[in-house]
Amino acid sequence: MALTDELAALRSETLAAIEQAADSAALEQVRIAVLGKSGTLTGYLRSMGSVPKEERASVGKTANEVRIAVEGALEARKAELSAAELAAKIDASAVDVTLPGRAQQMGTRHLISRITDEIAEVFLGIGYTVVSGPEVETDYYNFEALNAPADHPSRGLADTFYVRDLSGAVANVRGESDVLLRTQTSTVQVHAMEDQELPIFVIAPGKVYRRDVADPSHLPQFTQIEGLVIDKGITFGDLKGTLDYLCKQMFGPDRKTRFRAHYFPFTEPSAEVDVSCGICHGEGCRFCKGTGWLEILGCGMVDPNVLSMSGIDPEEYSGFAFGMGVERIACLKYNVPDLRMLLEGDMRFLRQF
């Protein structure tokens, strides 16, 4: 068979293979088999030197015609396959605009963090500043500087989490060390009295730790906010007005407050503060145990001994302090019956807030 006939047959076979290529990958295999470095048509073109002179012109012309025809067919088929593949891809990824949308679930701040910020905003609005301090404290700042006697029950192992004292000091006989997890953010108040210039108007939010068994009204770790005011001429009336304002801001303008005499080692006189029940409006119900009142915080005038230990003259300055549990405030505001519900991570409950 003459070379021109072989080239004509190659052209026919190649054009048929191009037409039958089902996708771009198959088409590329055809191109490589014919026009690649080891392709059949490439072999003919490279062997032109061995073709007799009298046939070289016609064979060369035929080879070029075959190459042009094959390249044109490849380009045309490639365009067809690319368009078909793109259309299939678009169809596969098409969005049915008639389907309902899928909204991304947005996160929110935890209720404890929200109530902490709400309380802070109330006090920032009347000129207080927010201060913080370490959660691992010394016995001095947690008890001694707050006028707690050596035999006070809160200083025992049954009530306080003590940690290893790495300072080299010898632990006390009963097993307590001089380092502990703070049981109250009153420790921050002592630091404020030592470090800040008078007058002082501060609140101290933060986590505190106590050896309590978790139940509907107690947690071993909770968030506390304590406040301290030190200035000349501060009276118990200032304390009552401040806390009454706080209660009305947090629970509503119709809520009432009352003060009951109590004892705290770092304040004198001391009081427990109650707010009228928001469910029965003071009439008495199961939530308030028939009293019409709900206990929310403790407070009092700063004991002169506490002022003296921090280098403040109690004859010239006076002040008041108060402390509240954020989790308790949150539960009272939203009528939640169990503190543990705030920490269980049940999203059905938390999404309500």
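For the structure itself, consult the block above.
Reading guide: rules and limits
Residues numbered from 1 in each chain as written. Predicted model: local features only at pLDDT ≥ 70, side-chain atom pairs only at ≥ 80, totals over all residues. Heavy atoms only, no water. Helix = DSSP H or I, 4+ residues; strand = E, 2+ residues; numbered from the N terminus. Rg over C-alpha atoms; globule rule 2.2 N^0.38 Å. Buried < 20%, exposed > 50% of the residue type's maximum accessible area, 1.4 Å probe, protein only. Contact = heavy atoms within 4.5 Å. Areas by Shrake-Rupley, 256 points an atom, 1.4 Å probe, with all protein chains shown as cover. Lys, Arg positive; Asp, Glu negative; His and termini not counted. Charge placed at Lys NZ, Arg CZ, Asp CG, Glu CD. Phe/Tyr/Trp six-rings, centres within 6.5 Å; stacked < 30°, edge-to-face > 60°.

What follows is about the overall build of the protein. Secondary structure summary: the protein contains eleven helices and nine strands in total. The C-alpha atoms of the protein give 42 Å as radius of gyration, which overshoots the globular expectation for 353 residues (20 Å, by more than 25%). Principal-axis analysis of the C-alpha atoms places the extent of the protein at approximately 130 × 55 × 40 Å. Counting the 353 residues in the protein, one finds 39% classified as buried. Considering only contacts in the protein between residues 6 or more positions apart, those separated by 24 or more positions represent 65%. Total accessible area computed for the protein in this model is approximately 19700 Å², and 54% of it derives from carbon and sulfur atoms. Computed over 35 positive and 50 negative side-chain charges, the separation of the two mean positions in the protein equals 7 Å.

This part is about helix α7 (residues 186-195). Across the ten residues that make up α7, a large majority, seven, are buried. Within the sequence span of α7, burial applies to S186, T187, V188, Q189, V190, A192 and M193. Looking at the buried side of α7, the elements it contacts are β2 (136-138), α6 (139-142), β4 (200-209), β5 (221-231), α9 (304-309) and β9 (318-325).

Summed over the entire model, instances satisfying the criterion amount to nine aromatic pairs. Between F123 and F322, the aromatic rings sit 5.2 Å apart at their centres with planes inclined by 20°, giving stacked as the arrangement. Remark: F322 occurs in strand β9 and F123 occurs in helix α5 (residues 111-124); sequence separation between them is 199 residues. Residue F123 is classed as buried on the basis of its relative accessible area of 1%.

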